[in-house]
Structures are given as C-alpha cells and as structure tokens.
Amino acid sequence: MIPTGATRLYVIVGDPIAQVRSPAGVTEEFVARGRNSILVPVQVAPADLPDFLSVAARLKNLDGIVATIPHKFACYQACASATDRAHFLQTVNLMRRRADGTWHGDMVDGLGFLGAARSKGIDPRGMRALLVGAGGAGSAIALALVEAGVSEIAIHDSATERRDALIDRLNQLGKGHARVGSADPTGFDFVANATPAGMKEGDPLPVDVTKLTPSTYCGCVITVPEIPPFITAARKIGCVTATGTDMYRQHQGIIVDFLLGQSGE
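**Observations regarding the overall build of the protein**
Scanning the protein from terminus to terminus reveals 9 helices and 12 strands. Relative to a compact globule of 265 residues, whose C-alpha radius of gyration would be 18 Å, the protein shows 18 Å and is just as compact. Taking all 265 residues of the protein together, the buried fraction comes to 52%. Long-range contacts, defined here as pairs at least 24 residues apart, represent 68% of the contacts in the protein between residues at least 6 apart. About 11,400 Å² of surface is accessible on the protein, with carbon and sulfur atoms providing 54% of the total. Across the protein, the centroid of the 25 positively charged side chains sits 3 Å from that of the 26 negatively charged ones.

Encoded structure:
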C-alpha cells in the first residue's frame, strides 16, 4: 500500500525491533480487509517507554500498539481496560484506542503458539509440558497450555520470583498442575522455548537437547534466525517442531481482529 494523509497508524514497539515480522503481514491483512492502515516498527528503550506512551496517547491518527520484548508488562500498566486473559497475566501484547482515547489491551501470544502446535498435528491435552521462560510471552503460553488441558506444566526461568508467581496463579485455576522445572526435558511431551535464547550467535540452548526424544514436540517463539538453534537441534533428533514464524502466521489474523475492534471485548 502507499500511505496517505488519511492512513490510520499502528505501531509495534520493542527493543530490539529488527527481528519482528508483523509489520508487513499485518499491513497486508489491513489492506486485504479494505482498511487504509499500516503497522510501523518503532524501537524504544525501556527507560523511554513512558514518554513514548504519553506521546502516543495524543497522536490523533494512531489507533493501536503491538508490544514486543521487553515492553509487554509495562504496556499492561498503561491500559485503562483489558481482557480477562490480560488481567490474569498482567501483561499485554496488543493495545487499541477506546472511544474515550484510553487503551484497551489483550495478550494473544499463547493463542498463536498453541495454534502453531495444532497446525503441526499436536494436541497438548493430557501432555506433560516444559516451558522455558516466564516473561510476557511465556506466561501467555503457560495459560494457553493449561486452558488446553495439559496434565502438568513445569516452568523454568532464572527469574525465580517471576516464575514462582506465575506457578501460583496457574495453580489457582484448578486445571492441571504447575510446578518448577529445569533445563532437563526428560519425560516431557511438549517443550516450549519462550526466551530470546538463540537470537544471538553463541547463546546457550534453552534445554539439554541430548535428552529430547523423537516423540517430543518442540516449539520456539524466536523469529530471527528463521530456524533457531534449538529447533535445528530438535529436528535432527526427529521431533515435530514449530518456529516463531509459524507462531506469528497463526496469530496474524487474531492481531488484526483485535486492533480493528472485532475481538477482545
């Protein structure tokens, strides 16, 4: 599309930002739906986010914000309202402007991750799941897996306070069982990496891949590189896998539905 003065703006905010795939895909989806709208990447450091959000609230042609690393928790605090899912997680990756000018938020990372698994023929119901990373995306994936009926979810994160708080909230749901995990995937049917490990050359793998079996499903949130090292290692073992790009393809439509006010009330 060629933007004009009447084009409605949406931004995706993160630090770093070069790895995101959504600007092109979401913009294409806007156009396919007959909307004169565009999603633009904006790199904002955590210290500058409050100033950015203050300015964003006053931009009359800015209708929505997509939040990525590391802004999802802070963006939740900027929302005047949010979905039940976002309130439970206390994090958002989507914000749309309400009629009164304030922000309404949702968190759909878990839906995209689960959709990627199901597109590969994986139904997590009854499975034992290991999740690495209890941040914004990780907490959303944990909730989605519990809601999907996993029998157990073990969560591994070096930020132990954040990990334990998520485990406590999940166990209050009375569905499945959440507990502390480790980097050892032995005995798990479903392994999810929700950390940036693998984005930089030399990063350690999120789990001990030597202990994976071919029957273990492995998913990852990373989009750059296209095939993260964890997924490369899992594929060599024979595991069914999905990448961050697979995840994004699953929730592109979900993102646009929310930004346009067609879901997430």
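**Quick word on the packing of aromatic side chains**
In the structure shown here, the tally under the stated rule is 3 aromatic pairs. Geometrically, the ring pair formed by Phe190 and Tyr217 is tilted, given 4.8 Å between the ring centres and 50° between the ring planes. On the criterion of sequence distance, the pair formed by Phe190 in strand E10 (residues 190–193) and Tyr217 in strand E11 (residues 217–220) is long-range, its members being 27 residues apart. A relative accessible area of 0% places Phe190 in the buried class.

**Brief notes about the pairing of strand E3 (residues 62–67)**
In regular strands, side chains alternate between the two faces of the sheet. Counting buried residues along E3, 6 of its 6 residues qualify, which places the element largely inside the surrounding structure. Here 5 bridges tie strand E1 (residues 8–14) to E3, and the two strands are oriented parallel to one another. Each residue of the ladder has a partner; that of Ile12, found in E3, is Val66. Pairing analysis gives 3 bridges linking E3 to strand E5 (residues 94–97), with the strands arranged antiparallel. Within E5, the position partnered with Ile65 by the bridge is Met95.

**Looking at the sheet that holds E5**
Within the open sheet, the 6 strands sit side by side as E2-E1-E3-E5-E6-E4. Their pairing is mixed. Looking along the sheet, the strands with just one partner apiece sit at the ends: strand E2 (37–43) and strand E4 (81–82). Alignment of E5 against strand E6 (residues 103–106), held across 4 bridges, turns out to be antiparallel. Bridging across to E6, Met95 finds its partner in Gly105. Its contacts with the sheet put helix H2 (residues 49–56) on E1, E2, E3, E5 and E6, and the angle it makes with E3 is roughly 155°. The sheet contacts of helix H9 (residues 244–259) involve E1, E3, E5 and E6, and relative to E5 the element is tilted by about 25°.

**What to know about the environment of Phe188**
Note on placement: Phe188 falls in the loop between strand E9 (178–180) and E10. Residue classification places Phe188 among the buried positions, given a relative accessible area of 7%. Sequence-wise, Phe188 and Thr213 are 25 residues apart; in three dimensions their C-alpha atoms are separated by 9.1 Å. Setting aside anything within four residues of it in sequence, one finds Phe188 in contact with Arg128, Ala129, Leu130, Glu152, Ala154, Arg179 and Thr216.

**Remarks on the pattern of salt bridges**
All chains considered together, the criterion is met by 15 salt bridges. The salt bridge partner of Glu29 is Arg33, with a shortest N-O separation of 3.1 Å. According to the relative accessible area criterion, Glu29 is partly exposed, its value standing at 21%. The class for Arg33 is partly exposed, based on a relative accessible area of 30%. Salt bridges here are not isolated pairs; linked through shared partners, they connect Glu29, Arg33 and Asp257.

Calculation rules
Residues numbered from 1 in each chain as written. Predicted model: local features only at pLDDT ≥ 70, side-chain atom pairs only at ≥ 80, totals over all residues. Heavy atoms only, no water. Helix = DSSP H or I, 4+ residues; strand = E, 2+ residues; numbered from the N terminus. Rg over C-alpha atoms; globule rule 2.2 N^0.38 Å. Buried < 20%, exposed > 50% of the residue type's maximum accessible area, 1.4 Å probe, protein only. Contact = heavy atoms within 4.5 Å. Areas by Shrake-Rupley, 256 points an atom, 1.4 Å probe, with all protein chains shown as cover. Lys, Arg positive; Asp, Glu negative; His and termini not counted. Charge placed at Lys NZ, Arg CZ, Asp CG, Glu CD. Phe/Tyr/Trp six-rings, centres within 6.5 Å; stacked < 30°, edge-to-face > 60°. Pairing = 2+ DSSP bridges. Axes fitted to C-alpha atoms, helices over the stretch in contact; angles between N-to-C directions. Salt bridge = Lys/Arg side-chain N within 4 Å of Asp/Glu carboxyl O.

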